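Descriptive structure summary
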Amino acid sequence: MEQQHARLSQEALNRLRWRCRRGLLESELIIHRWLDKRLDTITVGEAQTLSLLLELADNDLLDLLLGKTQPQHELDTEPVRQLLRELQQPPF
């Protein structure tokens, strides 16, 4: 469990940032804004949670990011809901 709270290494952060490139610019902008804001504090657990979301199809991910849909099935967990709340925060 300690691993979950460890900060993400720079190499792992770079890989995650690359993986966040999406077909829909809106999703990419939302995710990259969160990454930039949390650059020095993102944890391994948060990166794993984000990776789960990145497995979704672009349109499904965007619907979650915009709050049009709620996480279902294996994504319906508190870490996913918490990350979505952070991702949905206004940019200012």
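Details of the structure are given in the entry above.
Now for a quick tour of the structure. Remember, predicted model here, so these are calculated numbers, not experimental data. (Residues numbered from 1 in each chain as written. Predicted model: local features only at pLDDT ≥ 70, side-chain atom pairs only at ≥ 80, totals over all residues. Heavy atoms only, no water.)

1. Digging into the side chain of Glu46
The following threshold applies: Secondary structure is summarised from DSSP: a helix means a run of H or I of at least four residues, a strand means a run of E of at least two, and numbering begins at the N terminus for each. Counting of polar contacts relies on pairs of N or O atoms within 3.5 Å, with two restrictions inside protein: one atom must be capable of donating a hydrogen and the other of accepting it, and residues adjacent in sequence are counted only when both atoms are side-chain atoms. Two residues form a contact once any of their heavy atoms are found within 4.5 Å.
Checked against the element boundaries, Glu46 lands in helix α4 (residues 44-54). At 2.9 Å, the side chain of Glu46 and the side chain of Arg38 are in polar contact. Filtering out sequence-adjacent residues up to four positions away, Glu46 remains in contact with Trp34, Arg38, Thr41 and Leu83.

2. Examining the environment of Leu39
Tracing the backbone shows Leu39 in the loop between α3 (25-37) and α4. On a C-alpha basis, the gap between Leu39 and Leu13 in space is 8.2 Å, while along the polypeptide they are 26 residues apart. Not counting residues up to four positions away in its chain, the partners in contact with Leu39 are Leu13 and Arg17.

3. Looking at the pattern of salt bridges
Opposite charge on two side chains lets them pair, provided their charged atoms get close. Where we set the bar: The salt bridge criterion pairs a side-chain nitrogen of Lys or Arg with a carboxyl oxygen of Asp or Glu, the two atoms within 4 Å.
Enumeration over the complete set of coordinates arrives at 9 salt bridges. With a shortest N-O distance of 2.9 Å, Arg38 and Glu46 are connected by a salt bridge.

4. Some points on the layout of surface pockets
We count it as follows: The way it works is a 1 Å grid over only the protein atoms, where trapped points that fit a 1.4 Å probe form a cavity and open points with protein on both sides within 12 Å along at least five of seven lines form a pocket, and then any residue with an atom within 4 Å of a point lines it. Grid points are joined across faces, edges and corners, and a volume is the space filled by probe spheres set on the points. Throughout, the ten residues Ala, Val, Leu, Ile, Met, Phe, Trp, Tyr, Cys and Pro are labelled nonpolar, Asp, Glu, Lys and Arg are labelled charged, and all others, Gly among them, are labelled polar.
Taken as a whole, the largest pocket holds about 200 Å³ of empty space. Along its surface, the largest pocket is lined by 13 residues, and Thr43, Gly45, Glu46, Thr49 and Pro79 are the ones closest to its centre. If you list the elements that add at least two residues to the lining of the largest pocket, you get α1 (2-5), α4 and α6 (78-87). Of the residues that constitute the lining of the largest pocket, the class distribution is 3 nonpolar, 7 polar and 3 charged.

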